[in-house]
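Structural overview
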Amino acid sequence: MKLITWNVNSLRTRLDRVLGLLDRHRPDVLCLQETKMVDADFPRTELESKGYHCAFWGQRAYNGVAVLSRESPQQVEASFDGNPVPDAARVLGVTVDGWRIINLYVVNGQSIDSDKYALKLNWLEVFARWLHARHDPTQPLILAGDFNIAPSDRDVYDPTVWKGKLLCSEPERKWLCGLQQWGLADLLRVNEADKQVFSWWDYRYGAFARNLGLRIDLILATQPVASRCTSVVVDRDERKAKSGPGKPSDHAPVIATFEHP
DNA sequence: ATGGTTGGTCGCCAA
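Within any chain, residue numbers begin from 1 and follow the written order of that chain's sequence. Chains carry letters and ligands carry numbers; both start at the beginning, A for chains and 1 for ligands, and go up in the order they are written. Per-residue local features of the predicted model are confined to residues with pLDDT of at least 70, and side-chain atom pairs are confined, for both listing and counting, to 80 or more; whole-chain, interface and lining totals are unaffected and use all residues. Side-chain numbers come from the whole structure's heavy atoms, not from hydrogens or water.

**Brief notes about the sheet that holds strand β5 (residues 74–78)**
Within the open sheet, the six strands sit side by side as β5-β6-β7-β8-β12-β9. Their pairing is mixed. The open sheet terminates on both sides in strands that have one partner only, identified here as β5 and β9 (185–186). Where helix α3 (residues 115–134) meets the sheet, it contacts β5, β6 (91–96), β7 (99–105) and β8 (141–146), and its direction lies at approximately 175° from that of β7. Between any two strands, at least two bridges found by DSSP are needed for them to pair. In this text, helices come from DSSP runs of H or I with a minimum length of four residues, and strands from runs of E with a minimum of two, each type numbered from the N-terminal end. Working rule for contacts: check all heavy atoms of both residues, and any pair within 4.5 Å makes them a contact. Every axis corresponds to a line fitted to the C-alpha atoms, with the helix fit spanning only the stretch in contact, and the corresponding angles, defined between N-to-C directions, vary from 0 to 180 degrees.

**Here we look at the protein's contact with DNA strand B**
Near is defined per residue: the residue qualifies when any heavy atom it owns lies within 4 Å of the molecule or strand. S10, K165, R204, Y205 and R210 are the nearest of the 19 residues found near DNA strand B. Here DNA strand B approaches the protein such that, of its atoms within 4 Å, sugar and phosphate make up 59%. Take T13: an N or O atom from its side chain is 3.1 Å from a phosphate oxygen of DNA strand B. Polar contact is the term for a pair of N or O atoms within 3.5 Å; when the atoms are in protein, one must be able to donate a hydrogen and the other to accept it, and sequence-neighboring residues count only if both atoms are side-chain atoms. The separation between a sugar or linking oxygen of DNA strand B and a polar main-chain atom of Y203 is 3.5 Å.

**Details of the packing of aromatic side chains**
Two aromatic rings, drawn from Phe, Tyr or Trp (for Trp, its six-membered ring), form a pair once their centres lie within 6.5 Å of each other, and the interplanar angle then sorts them: stacked below 30 degrees, edge-to-face above 60, tilted otherwise. In total, this model carries 11 aromatic pairs according to the counting rule given. Judged by centre distance (4.0 Å) and plane angle (5°), the rings of F42 and F56 are stacked. You can see F42 sitting in the loop between β2 (29–33) and α2 (44–48) and its partner F56 sitting in strand β3 (residues 53–57), a full 14 residues away along the chain. Of the two residues, F42 and F56, both sit in the buried class. On the basis of an interplanar angle of 45° and a centroid distance of 6.4 Å, the ring pair of F147 and W175 is categorised as tilted. Here F147 is found in the loop between β8 and α4 (159–162), whereas its partner W175 is found in helix α5 (residues 170–182), with 28 residues between them in sequence. Both residues of the pair, F147 and W175, belong to the buried class. Three or more aromatic residues joined by ring pairs make a cluster, and in this case those are F80, W123, F127, W130, F147 and W175. Just above the ring of Y52 sits the side chain of R70; from NZ or CZ to the centre is 5.5 Å. Working definition: with a 1.4 Å probe on protein chains only, accessible area under 20% of the residue-type maximum means buried, over 50% means exposed, and in between means partly exposed. For a Lys NZ or an Arg CZ to count as sitting over a ring, it must be within 6 Å of the ring centre and within 35 degrees of the ring normal.

**Things to note about the sheet that holds β2**
Taken together, six strands build an open sheet; the order of strands is β3-β4-β2-β1-β14-β13 and the sheet is mixed. Each edge of the sheet is formed by a strand with only one pairing partner; in this case those strands are β3 and β13 (229–234). Averaged over all neighbouring strand pairs, the angle between strand axes comes to 10°, with direction disregarded. Pairing between strand β1 (residues 2–7) and strand β14 (residues 254–258): four bridges, direction antiparallel. Bridge pairing in β14 places L3 opposite A256. Against the sheet, helix α1 (residues 11–25) makes contact with β1, β2, β4 (65–69) and β14, and its axis sits at roughly 160° relative to β1, the strand it touches most.

The quantities given are spatial measurements derived from coordinates; they are silent on function.
Given below as structure tokens:
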């Protein structure tokens, strides 16, 4: 079983690259964020022709999440109870082969002095409350997506510059610790305790060429899933996008592989 | 290094 999460920053612009990713990796599940398109425009024909079922929840211009899977998804559920911004398409849950998979595009927050940061913290709190009420950490569960939080200083190219800033602030990191205490492991850190791995590089400042990155795209899982995880890697070549059609997203795909359940 | 790029949409906003 192979699962990939990728913030594509517009599925319309990135479709040919998504099709290439499916050919290259043949994942069982692909979680996409920032599709930025309404459901009527979703390119399901092209994706189904690659052998994938499509679950999606989009909106105009912003946000948008989708889960592609080789097996038909069951119990598709958009959003979560009490969502403070119920119209923002950011959460999509599916069940595939008995594993519950929740695709997340967490509120960015803009900057820590912004009202949007307060909204982010509230959104996170309500989401966690719903997760705890409605899910069981002893059962197979995966949370994958763009968390817009770098879990620790190991996940930041220059922790001094980023100390206390958006994506690295203590309240954001505490929220992730809470998920971990509930029973979700950060799969990349199960086998790679100290390795510096990034998943997002700003389009500006030549950030990718200088490797000024953060790891904010995460795959978390409960113990029955985490114990079967054999690797987590980032497809940096996709962020380079030297080959293939079009330009890169500012995020790279994160790829987790599991022993057969 | 507080610079500047990309996408959606069409003057800016969001990331």
